[in-house]
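What follows is each chain in one-letter form.
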Amino acid sequence: MKSTAFAATLALTLPLLATTSVSALAVTTEEFVNKVTVSDMFEVKSGKLAAKKAQHEDVKDFGEQMVDDHTETTEDLKELVKDENIKVDMPSKLDDKHQANLDKLKEASGAKFDTVYVPMQVLAHEQAVNLFQDYSKSGDNEALKEWAADTVPTLKEHLEEARDLNAELSKTAETAAADDIKANDKKAMNEVTDETDVDGAGNTAMNEESADKAADRKTTPPSFDYVTQQSPTDWTAQTLIGKSVENNDGETLGEVNNVILNEKGKVVAITVGVGGFLGLGEKDVGVPFEALKFRDEDVVDQNADGEETADVGDDASHDNEVIVIDATKEQLEAAPSFVWLGEKRDKRADVENETDTAVE
C-alpha cells in the first residue's frame with residue numbers, strides 16, 4: 001500500500017518538477033534585453049575606470065577591450081530591438097547592484113583597484129555566458145536568439161581572459177609576499193652578522209667563496225645547446241615579412257607586415273595588411289601563427305609514369321612558398337584592426353580624458 005501511494009505521489013510530482021525546471025531556464029525577451037543593456041552599461045563604465053586607474057598594464061588593456069566590445073554589443077542590440085519591433089524600454093541607468101559595484105571601483109585605487117575589478121569581471125562574464133546561452137536555447141525571438149548564440153564565443157573569450165588575469169594577479173601577490181619574507185630574513189641575517197663578525201673575517205671568507213663561484217661559471221658550459229643550422233621547416237622573420245597571403249581558393253588576401261613573438265620567443269601571430277589601395281587605407285589584422293598553412297608552388301612535379309611527386313629538398317629559403325589561411329577577403333577586411341602598444345597608449349589617453357567627464 002505504501003509503495004502504491006509513493007508511486008501515485010511521484011506521478012503527480014514529476015510533471016511539476018519538469019515544468020519548474022524549464023521555466024527556471026526560460027528567459028523572456030524583455031528580461032534578456034534589460035539584463036544585457038545594464039550589463040553592457042556597467043562594462044563600459046567600469047572599463048573606462050580600469051583604463052585610467054588600473055595598475056597592471058594587462059588590466060588596463062582588458063578594460064579598454066571591454067569598452068570597445070560592449071559598446072558594439074549595445075549598438076547591435078539597439079538595432080535588433082528596432083528591426084524586430086521588440087516592445088521594450090531599454091534601461092538608461094544601472095540597477096542598484098551594478099551601481100554599488102561601480103561605486104566600489106571608484107573608491108579603489110592602485111593595486112587594490114585591480115584586485116576588486118578583475119574578480120568582478122570573472123563573475124560578470126560567467127553570468128553573461130549563462131544568460132546568452134539560456135536565451136539562445138529558450139528565447140522567443142528568433143533573430144535575438146541567433147544573435148545571442150553568435151555572441152557567446154566572444155563572451156567566453158572575455159571570461160577566459162578575466163580568469164587568466166585573476167590567476168596572474170594572485171600569483172603576483174604570492175610572489176610579493178614571498179619577497180617580503182626573503183627581505184626580512186636577509187635583514188635579520190645582516191643584523192646577526194653585524195653583531196658577531198666584528199673583525200670582518202666572515203666577510204673575507206664570503207668574498208673568497210664568491211670569487212671561486214665566478215671562476216667556476218667561466219669554465220662551466222651553458223645549460224643550453226647551440227642551434228647550428230636552419231632546417232627546411234624553419235622560417236626567418238625577414239623571409240615571412242612581405243610574403244603573399246592567400247586563401248584556399250588562391251585569392252590574394254594581402255601580405256605579411258610583421259611577426260609577433262612573446263617573451264619566451266614563441267611566434268604567436270603575424271599581421272596581414274589588408275584593404276586599401278596603393279598602401280592607403282590599409283589596416284593590420286592579427287592572425288594566429290597556428291592558423292597558417294604553407295604551400296610551395298613548385299613542389300609538385302610529374303615523374304616518368306605521370307604521377308605527381310613532392311620534393312621539398314634541403315632549400316630553406318621558401319622563395320616559392322605562399323602563406324595560406326582559411327578565410328575570405330571579406331572576412332579579413334571586416335576583422336578588427338591589430339592594435340600596437342603605441343596606439344594603445346594614445347587610445348588610453350583619450351579614454352582617460354573621456355573618463356574625467358563621462359563617468360558619473
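Our subject is the structure that appears above.
Residues numbered from 1 in each chain as written. Predicted model: local features only at pLDDT ≥ 70, side-chain atom pairs only at ≥ 80, totals over all residues. Heavy atoms only, no water.

Observations regarding the overall build of the protein chain
What the protein chain contains, in helices and strands, is ten helices and eight strands. Relative to its full complement of 360 residues, the protein chain shows a buried share of 30%. In the protein chain, of all internal contacts separated by at least 6 residues, the share reaching a separation of at least 24 is 65%. (Helix = DSSP H or I, 4+ residues; strand = E, 2+ residues; numbered from the N terminus. Buried < 20%, exposed > 50% of the residue type's maximum accessible area, 1.4 Å probe, protein only. Contact = heavy atoms within 4.5 Å.)

What to know about helix H4 (residues 96–107)
With twelve residues, H4 should reach 16 Å at 1.5 Å per residue; the first-to-last C-alpha distance of 17 Å fits that figure. For H4, the full list of buried residues reads His98, Leu102 and Leu105. For H4, the buried positions fall inside an angular range of 55 degrees around the axis, keeping them on one side. For H4, the exposed residues set more than 90 degrees away from the buried face come down to Asp96 and Glu107. Next to the buried residues of H4 lie helix H2 (29–53) and helix H5 (111–138). (Expected span 1.5 Å × (residues − 1). Arc of directions from axis to C-beta.)

Let's talk about the nonpolar core
Counting 42 residues, the largest nonpolar core has Phe32, Leu105, Phe113, Tyr117, Phe132, Leu144 and Trp147 as the members making the most contacts within it. Elements with a minimum of two residues in this core: H2, helix H3 (57–83), H4, H5 and helix H6 (142–196). It is H5 that provides the largest number of residues to this core, a total of eleven residues. Contacts of Phe32, omitting those with residues within four sequence positions, involve Val27, Leu131, Phe132, Tyr135, Leu144, Trp147 and Ala148. (Core = buried A, V, L, I, M, F, W, Y, C linked by side-chain atoms within 4.5 Å.)

A word on the packing of aromatic side chains
Two numbers describe a pair of aromatic rings. These are the distance of the centres and the angle of the planes. As enumerated under the stated definition, the model contains eight aromatic pairs in all. Relative to Tyr135, the ring of Phe32 has its centre 4.4 Å away and its plane inclined at 15 degrees; by these criteria the two rings are stacked. You can see Phe32 sitting in helix H2 and its partner Tyr135 sitting in helix H5, a full 103 residues away along the chain. Of the two residues, Phe32 and Tyr135, neither departs from the other in class, the shared state being buried. Measuring from ring centre to ring centre gives 5.6 Å for Phe132 and Trp147, while their planes differ by 55 degrees; the resulting arrangement is tilted. Placement of Phe132 in helix H5 and of Trp147 in helix H6 is noted, with a sequence separation of 15 residues between them. Across the pair, Trp147 and Phe132 agree in class, each one buried. (Phe/Tyr/Trp six-rings, centres within 6.5 Å; stacked < 30°, edge-to-face > 60°.)

A short note on the packing of H3 against H5
Where H3 meets H5, the axes come as close as 11 Å, and the angle between the chain directions of the two elements is 40 degrees. Our classification of the angle between H3 and H5 gives oblique. Every pair of crossing elements has a handedness; the one defined by H3 and H5 is left-handed. Seen from H3, the contacting residues are Val59, Phe62, Gly63, Met66 and His70; seen from H5, they are Asp114, Tyr117, Val118, Gln121 and His125. (Axes fitted to C-alpha atoms, helices over the stretch in contact; angles between N-to-C directions. Parallel < 35°, antiparallel > 145°, perpendicular 65-115°, else oblique. Left-handed = near helix turned anticlockwise from the far one by under 90°.)

Quick look at the side chain of Asn247
Checked against the element boundaries, Asn247 lands in the loop between strand E1 (244–246) and strand E2 (252–261). Separated by 3.0 Å, the side chain of Asn247 and the backbone nitrogen of Asp249 make a polar contact. (Polar contact = N/O pair within 3.5 Å; in protein donor to acceptor, adjacent residues only side chain to side chain.)

Some words on unusual backbone geometry
Here Asn85, not a glycine, exhibits a phi torsion of approximately 55 degrees, which is positive. In this fold, Asn85 is placed in the loop between H3 and H4. Given the relative accessible area of 51%, Asn85 is considered exposed.

In short, shape yes, function no, at least from these values alone.
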